[in-house]
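Chain by chain, the residues:
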Amino acid sequence: MGSLARKIVTERCSRSLSALLPRLWTPPWGLQQRRTIASSATGLDGCRDEHQRLVDALSGSAKMIPVKGDHVSLLDTPGDFYEAIKEGIRNSRRRVVMASLYIGTGKLEAELVDALAENPVLRVTMLFDALRATRPTHDSADCCFTSSAAMLSCLLLSKSAKWRQRKSSEDGERLKVSLYRTPDLTKTLQWLLPARVNEVVGVCHLKAFVFDDHVLMTGANMSSSYFTDRQDRYIWFRNSPSLANHFSSLIDVVSSYSFSLGSDEKLLPKKVADTKDRDGFCAQMGSSVQGLMYAASGEVNTPEKENEEDWDTYCFPTIQMGPLGIRQDEDCTVALLRGLPSGTLLQLASPYFNLTPDYEDVLLEVAEQNIVEILTASPKANGFYGSAGVSGLIPRAYSLLEQNLYERSRHRDVALQGKDTYDLKNGLSIYEYERSGWTFHAKGLWCTLPGDVHGPSVTLVGSSNFGYRSRDRDLEAQVFVMTRNPRLRGQLKFERDALLSRAVKVDSSSFLDAERAGGYVAAKASQMVRSWL
């Protein structure tokens with residue numbers, strides 16, 4: 001048994017216990033007041049007025065999709081994530097729609113592609129970033145192909161592929177592999193920047209999986225490390241056709257502005273527009289994407305309208321595509337944070353500590369009346385740790401940016417101590433995740449409002465890292481979730497606590513480590529390049 005297979009087996013052995021623990025300690029649920037149709041969006045328990053204000057803050061900027069909380073569940077481990085994708089492919093009967101930065105080229109990834117060939121009745125859409133998917137892979141014992149594009153061309157698109165052998169000639173359009181390339185990569189930049197470095201210009205960073213009417217939202221990519229020892233977050237939305245249709249449509253739109261991958265690994269021209277006219281391309285694509293951001297007039301956001309008493313969870317899908325001028329996710333995030341009531345416990349995770357000034361400012365404001373905890377990767381848990389060349393300096397740059405916010409927070413605490421409203425328990429703290437042999441890639445947030453005795457009632461899951469690239473350069477998609485379902489809240493609490501259990505609180509001594517030392521020049525350099533990180 002290979003090392004990757006052993007890791008998968010290990011994850012499977014721990015799955016039963018991980019799934020059982022939330023059920024053991026989740027408190028019993030009290031009586032729920034009956035809701036009317038007019039107030040169905042306000043049926044969140046605890047502080048109803050506070051929840052309603054948050055619903056209003058988001059529903060004005062994003063479509064609201066009610067779902068049943070019992071149909072939403074969290075996965076715990078990378079192994080669970082891998083099995084969920086495989087299960088989704090095998091059990092789907094109509095469509096599989098997958099978006100990821102890239103797909104790896106090892107045996108585990110090849111098994112997923114083979115699973116598609118075993119289910120030939122599907123309509124399959126796959127979307128990846130063109131720069132990342134065509135980047136040559138590193139030589140390793142588990143590497144079966146030279147790039148993601150090479151593997152997909154061989155296993156899915158070539159005449160000898162199992163998929164082709166199982167489908168009739170007229171079914172060729174049922175499989176589509178699209179590779180998106182940012183319009184900001186000009187010919188000059190393409191000539192100047194080598195492979196891998198050119199990805200700093202911008203990538204398609206969407207991570208969403210649709211299997212019939214089920215949606216799997218995550219920040220993870222489709223490669224072996226994300227299936228074994230790279231910690232992320234994963235939320236299943238089962239039997240949620242409106243949410244599934246939203247992400248299927250979003251991925252279809254982006255695919256229509258992307259290259260198609262051919263059987264010979266060549267990128268075939270876009271169907272809709274060309275990138276030669278950058279502004280025209282962005283305007284046209286932006287208009288297409290904006291049509292998906294809000295509910296159409298008279299649109300019913302969910303088919304489960306026959307029993308509104310089951311609506312205990314509300315989803316708000318958001319999009320962030322800076323090059324297209326779309327900043328919905330950023331606007332909704334800031335609106336949510338500024339709408340939090342006093343006494344909230346706000347916890348935010350980002351593997352790459354490079355928060356934009358707007359996010360830093362609003363988090364410091366929120367911390368005056370609330371507890372704010374930020375979870376990020378320690379240098380050793382950063383995916384770039386130990387990399388050769390310039391990439392090996394990236395963890396140090398993130399540490400310097402983290403130190404900057406830490407010092408801003410401490411100075412702000414000192415300034416607030418003379419005020420009557422100052423409360424010692426409030427403030428901003430930073431925690432670093434570290435686990436031997438693992439890297440950290442989890443992102444999102446959890447909000448535990450006053451009165452939320454069962455666990456967080458608000459979470460955000462998706463692809464954004466809350467940094468400059470997520471805001472300005474990459475294509476991102478997320479889902480805000482508000483719930484009063486006790487089981488789901490218990491799972492959110494368990495997920496959050498499990499991540500924090502492997503984290504250490506940062507203090508001033510944390511930045512004295514030799515691996516973090518940079519000095520004045522390095523600190524200034526990190527500020528200069530942070531918009532590219």
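Rules used throughout
Residues numbered from 1 in each chain as written. Predicted model: local features only at pLDDT ≥ 70, side-chain atom pairs only at ≥ 80, totals over all residues. Heavy atoms only, no water. Helix = DSSP H or I, 4+ residues; strand = E, 2+ residues; numbered from the N terminus. Polar contact = N/O pair within 3.5 Å; in protein donor to acceptor, adjacent residues only side chain to side chain. Buried < 20%, exposed > 50% of the residue type's maximum accessible area, 1.4 Å probe, protein only. Core = buried A, V, L, I, M, F, W, Y, C linked by side-chain atoms within 4.5 Å. Contact = heavy atoms within 4.5 Å. Salt bridge = Lys/Arg side-chain N within 4 Å of Asp/Glu carboxyl O.

1. Some details on the environment of S258
Consideration 1: With respect to the helices and strands, S258 occurs in the loop between helix 10 (241-256) and strand 10 (259-261).
Consideration 2: Spatially, the C-alpha atoms of S258 and F128 are 9.3 Å apart, while their sequence positions differ by 130 residues.
Consideration 3: For S258, the side chain forms a polar contact with the main-chain oxygen of V254, separated by 2.6 Å.

2. Looking at the environment of L152
Consideration 1: Mapped onto the fold, L152 is located in helix 6 (residues 148-157).
Consideration 2: Looking at L152, the relative accessible area reads 0%, which means it is buried.
Consideration 3: The sequence separation of L152 and M126 amounts to 26 residues, and the corresponding C-alpha distance is 9.9 Å.

3. Overview of the nonpolar core
Consideration 1: Counting 53 residues, the largest nonpolar core has F237, F247 and V254 as the members making the most contacts within it.
Consideration 2: When neighbours within four sequence positions are excluded, F247 is seen to be in contact with A208, V210, V215, M217, P317, A477, Q478 and V479.
Consideration 3: By size, the runner-up hydrophobic cluster in this structure holds 45 residues, among which are L75, Y82, L179 and M222.

4. Quick notes on helix 4 (residues 107-117)
Consideration 1: Burial within helix 4 is extensive, with 8 of its 11 residues counted as buried.
Consideration 2: If you check which residues of helix 4 are buried, you get L108, E109, A110, L112, V113, A115, L116 and A117.

5. Some words on the pattern of salt bridges
Consideration 1: All chains considered together, the criterion is met by 22 salt bridges.
Consideration 2: Here E330 ties to R327 by a salt bridge, and the two come within 3.5 Å at their closest N and O atoms.
Consideration 3: Look at R327 and you get partly exposed, because its relative accessible area is 31%.
Consideration 4: Its salt-bridge partner being R338, residue E365 comes within 3.7 Å of it at the nearest N-O pair. Highlighted residues: E365 in helix 13 (residues 357-366) and R338 in helix 12 (residues 328-338), separated in sequence by 27 residues.
Consideration 5: Overlapping salt bridges, with partners in common, bring together R327, E330, R471 and D472 in one network.

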